[in-house]
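A look at the structure
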Amino acid sequence: MTMEVIADESNLERAFEKVASNRGAPGPDRQSVAEVLEHLAKLLPALHTALLDGSYRPGMIRRVWIPKPGGGKRGLGIPNVVDRIVQQAVHQVLSPHFEPVFHASSHGFRPGRSCHTAIAEAKGYVAEGREWVVDLDLEKFFDRVHHARLLARLQQKGVKDSRVLQLIRRMLEAKVVMPDGVVVSTEEGTPQGGPLSPLLSNVVLDELDWELARRGHRFVRYADDCNIYVHSERAGQRVMATISRYLTRRLRLSVNAAKSAVARPGARHFVGFSFQRTRGEEVQTRLSQRSLRRIRRRVVELTPRNWGGSLEACITRINEYVTGWMGFFHLVDRAALYDLDRIDAHVRRRLRAIVFRQKKRRRHIVHWLRSRRVPVTQARADVYGKHRSLWALSITTSAHKAMSTYWFDKQGLVHLARLWRGWNARPPEVIAPTQLELALG
């Protein structure tokens, strides 16, 4: 793991290809991937030389804010494209060294692992009878990583070249440009958004993983989300207290008391899922309440009441979202079909309300309903009913006759319940784990 390996031009070239495939936004220098590509032949030799002689200096990082699923905003740091190439080059050299020594219960940002493998392991612990979970939420973890401890950990785990450690230190200490243009210094933390940040976060929390293993706990960690599965509430409270002290005193991290809890797995949200035990003692993977609220909120955003485009365009937007959504959440068990059917019904109702609003006048709605073979008496009764809003009209008999599920099928609307059945009808070997970067709060 020497600087010569990182600075090798073939390694830098592979790093650029990876950065380009991610199609990231420009950093503070506003230089795009395409613009870097134009002078790549000159850039790589210059980077090679700068890394070896120590003259390379990372640029500033552009801070952007994105909404978190559970409320609030998460800060992302976007380095310049050239700096992302260097970070990726470091990642390509360090990752093969650290991967074999990371704990098996760590699933975030690792090759061959995903949210799906984390859920499979967690479900196994609940099936064993560990029906209480210690749900740990690390408060502003990415903003509070202690630089000196991280570098010491890297050195302890085999990064001996001082030039590599100095390079990583400079990356960690790169100044940040806030959205209002203010430039701030960085004394702690590892900004989310760069290629190297996930690996460094795993290096920090690997110490927690092995401490949990040493104490004999059964746990699953995905990035900074850590669930520990125990047999009783009393044991959970004891584990919560001892691990919180360890995180504060040893790793200099703090637990968010408002978001952490000892509870039944069905009451908690872990990478979008929860677990329920049936009367037959089977453990089912369900959608968490937070995931259900989030998709309903997103459906409302995709089907605004004042939608001015065509129905086909609106359906296309919905289809793109729900198809990707189900690509992640297809792990849920059959019992979740009830929730999926309700979401499908909500989507159809939103679309019916859009159709009626675009008719503008109630007599036009009646005329359209009659063209859809709705009896005129039924159409008039529903449309001109007392205080009948368009939202209320969207679930009337007339609305269901004119715009049935079959009618929406002909319009090309994708249904979540059918997508689930399609995913789960496939042979298991062709279902590839899919990560949803919500992502997830």
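Note: the structure precedes this text.
Criteria and thresholds
- Residues numbered from 1 in each chain as written.
- Predicted model: local features only at pLDDT ≥ 70, side-chain atom pairs only at ≥ 80, totals over all residues.
- Heavy atoms only, no water.
- Helix = DSSP H or I, 4+ residues; strand = E, 2+ residues; numbered from the N terminus.
- Buried < 20%, exposed > 50% of the residue type's maximum accessible area, 1.4 Å probe, protein only.
- Contact = heavy atoms within 4.5 Å.
- Lys, Arg positive; Asp, Glu negative; His and termini not counted.
- Charge placed at Lys NZ, Arg CZ, Asp CG, Glu CD.
- 1 Å grid on protein atoms, 1.4 Å probe; cavity = no way out; pocket = protein on both sides within 12 Å on 5 of 7 lines; lining within 4 Å.
- Points joined across faces, edges and corners; volume = space filled by probe spheres on them.
- Core = buried A, V, L, I, M, F, W, Y, C linked by side-chain atoms within 4.5 Å.
- Phe/Tyr/Trp six-rings, centres within 6.5 Å; stacked < 30°, edge-to-face > 60°.
- Lys NZ or Arg CZ within 6 Å of the ring centre and 35° of its normal.
- Pairing = 2+ DSSP bridges.

With that settled, the discussion passes to the overall build of the protein chain. Secondary structure summary: the protein chain contains 19 helices and ten strands in total. Judged by the C-alpha coordinates and their principal axes, the protein chain covers about 85 × 60 × 45 Å. Burial analysis of the protein chain (441 residues in total) assigns 49% to the buried set. For the protein chain, contacts bridging at least 24 residues in sequence account for 73% of all contacts bridging at least 6. Looking at the protein chain, you have 73 positive and 43 negative side-chain charges, and the mean spots of the two groups are 11 Å apart.

Another aspect to go through is empty space enclosed by the protein. Summed over all chains, the structure comprises five cavities of 30 Å³ or more. When its volume is computed, the largest cavity comes out at roughly 100 Å³. When contributions to the lining of the largest cavity are tallied by element, the ones reaching two or more residues are β2 (73–79), α8 (162–172) and α9 (197–214). Per-element tally for the lining of the largest cavity: the top contributor is α8, with three residues.

Its location among the elements puts L331 in the loop between α12 (311–329) and α13 (337–359). Separated by 58 residues in the primary sequence, L331 and F273 have C-alpha atoms spaced 9.0 Å apart.

Moving on: the nonpolar core. I85, L154, I168 and I228 are the most contacted members of the largest nonpolar core, which has 65 residues in total. A total of nine residues in this core trace back to one element, the largest contributor, which is helix α5 (residues 81–98). Each residue touching I168, except ones within four places of it in the same chain, is listed here: V90, L94, L151, L154, L196 and L200. By size, the runner-up hydrophobic cluster in this structure holds 60 residues, among which are M326, F356, L413 and A417.

Turning to the packing of aromatic side chains, a few remarks are in order. This structure, assessed with the given rule, holds ten aromatic pairs. On the basis of an interplanar angle of 35 degrees and a centroid distance of 4.5 Å, the ring pair of W325 and F329 is categorised as tilted. Linking W325 with F329, this pair stays in helix α12, spanning four residues, or about one helical turn. Overall, the relative accessible area of 5% leaves W325 in the buried class. Looking at F329, the relative accessible area reads 1%, which means it is buried. Connected via pairs of aromatic rings, a cluster forms that spans F273, W325, F328 and F329. The ring centre of Y321 lies 5.7 Å from the NZ or CZ of R298, which sits over that ring.

Here we come to the sheet that holds strand β1 (residues 61–67). Strand pairing in a sheet relies on backbone hydrogen bonds, with the paired strands running either antiparallel or parallel. Sheet architecture is open: four strands sit in the order β2-β1-β4-β5, paired in mixed fashion. Of all strands in the sheet, those with a lone pairing partner are β2 and β5 (183–184), marking the two edges.

Scope: geometric values only; no functional claims are made or implied.
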